[in-house]
Amino acid sequence: VALHESQSGRKQMEEHTEELEHRLREVEQISKKAEELEVALHESQSGRKKMEEHAEELEKSLLKFEEDERILVENLKKSLNTSTERNTKLQRQVDVVIPEFQSKLEKRMAELERDYEKKLKEMELERSTFDMQTNIKREQMQEKFNKKVEELERSLKDYQDKNNELAQSVSKYKSYHDEYGQ
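Residues numbered from 1 in each chain as written. Predicted model: local features only at pLDDT ≥ 70, side-chain atom pairs only at ≥ 80, totals over all residues. Heavy atoms only, no water.

Asker: Residue-level account of the overall build of the chain, with values.
Answerer: Summing up its helical and strand segments, the chain has two helices and zero strands in all. Taking 16 Å as the expected radius of gyration for a compact globule of 182 residues, we find that the chain reaches 39 Å, considerably beyond that expectation. Scored against the burial criterion, the 182 residues of the chain give a buried share of 13%. Both charge centroids of the chain, one from 35 positive and one from 44 negative side chains, sit 5 Å from each other. (Helix = DSSP H or I, 4+ residues; strand = E, 2+ residues; numbered from the N terminus. Rg over C-alpha atoms; globule rule 2.2 N^0.38 Å. Buried < 20%, exposed > 50% of the residue type's maximum accessible area, 1.4 Å probe, protein only. Lys, Arg positive; Asp, Glu negative; His and termini not counted. Charge placed at Lys NZ, Arg CZ, Asp CG, Glu CD.)

Here it is, written out as structure tokens:
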């Protein structure tokens with residue numbers, strides 16, 4: 001009977017060992033998913049960097065536009081001064097055109113600045129949202145991982161306890177057999 005119980009206990013230990021190996025594979029899969037999340041986070045940071053570079057390019061374009069407009073205004077003023085006859089006519093036009101042009105330019109510049117700030121805020125919001133989602137996913141994965149580790153540790157302790165009980169039973173059986181079996 002003790003031998004049968006020993007064999008039954010060994011079979012249970014083997015089944016429990018298979019279950020522990022299965023759970024270990026699950027933990028490895030969770031680790032792989034965590035690595036994939038880290039890669040996705042790196043890619044997001046790379047995308048954010050590209051957006052920042054694009055914003056810098058927009059700023060450079062805006063500065064070039066301002067410089068081109070400034071040069072255009074300077075050239076217009078120079079051409080007004082080239083002839084005295086045209087100068088008086090053009091001066092009257094300039095007195096009207098330049099303020100209108102400057103007004104339009106200031107409005108356009110204000111629009112460009114608003115668009116730039118809006119895009120920048122959108123990018124910051126997207127980055128913030130992504131960072132929050134990534135942190136939440138990372139925390140969830142860490143919690144699942146910790147729970148799996150706790151389950152495995154408990155299972156391992158149960159397995160060790162059963163193994164110790166079995167070893168004690170075998171020891172008792174041997175001592176019984178040694179005493180009475182001869």
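Picking up after the structure, the text goes on.
Asker: Please set out a negative patch on the surface residue by residue, giving values where relevant.
Answerer: On the surface, Glu52, Glu53, Glu56, Glu57, Glu59 and Glu124 cluster together into a patch of negative charge. Topologically, Glu53 is positioned in helix 1 (residues 2–81). Of the residues examined, Glu53 reaches a relative accessible area of 39% and is grouped as partly exposed. (Patch = residues over 30% accessible without salt bridge, like charges linked within 9 Å, V, L, I, M, F, W, Y side chains within 5 Å. Areas by Shrake-Rupley, 256 points an atom, 1.4 Å probe, with all protein chains shown as cover. Salt bridge = Lys/Arg side-chain N within 4 Å of Asp/Glu carboxyl O.)

Asker: Quick rundown of the pattern of salt bridges? Include the residues and the values.
Answerer: A full pass over the atoms with the stated rule returns eight salt bridges. Linking Glu111 and Arg108 is a salt bridge whose minimum nitrogen-to-oxygen distance equals 3.3 Å. Here Glu111 pairs with Arg108, and both are found in helix 2 (residues 84–180), just three residues apart, close to one helical turn. Judged by its relative accessible area of 34%, Glu111 falls in the partly exposed class. Assessed through its relative accessible area of 39%, Arg108 is described here as partly exposed. In this structure, Glu150 and Arg154 form a salt bridge, with 3.9 Å as the shortest nitrogen-oxygen distance. Of this pair, Glu150 and Arg154 are both found in helix 2, four residues apart, which corresponds to roughly one turn of the helix. Residue classification places Glu150 among the partly exposed residues on the basis of a relative accessible area of 42%.

Asker: How would you summarise the side chain of Glu69 if you had to cite specific residues and measurements?
Answerer: For Glu69, the position within the fold is in helix 1. Buried and without a salt bridge, Glu69 has Arg108 as its closest oppositely charged side chain, separated by 8.8 Å. Discounting chain neighbours no more than four positions away, the residues touching Glu69 are Phe101 and Leu105. (Contact = heavy atoms within 4.5 Å.)

Asker: Describe the environment of Met51, naming the residues involved and giving the relevant values.
Answerer: Mapped onto the elements of the fold, Met51 is located in helix 1. A C-alpha to C-alpha distance of 9.6 Å links Met51 and Lys119, two positions 68 residues apart in sequence. Not counting chain neighbours up to four residues away, the residues in contact with Met51 comprise Met123 and Glu126.

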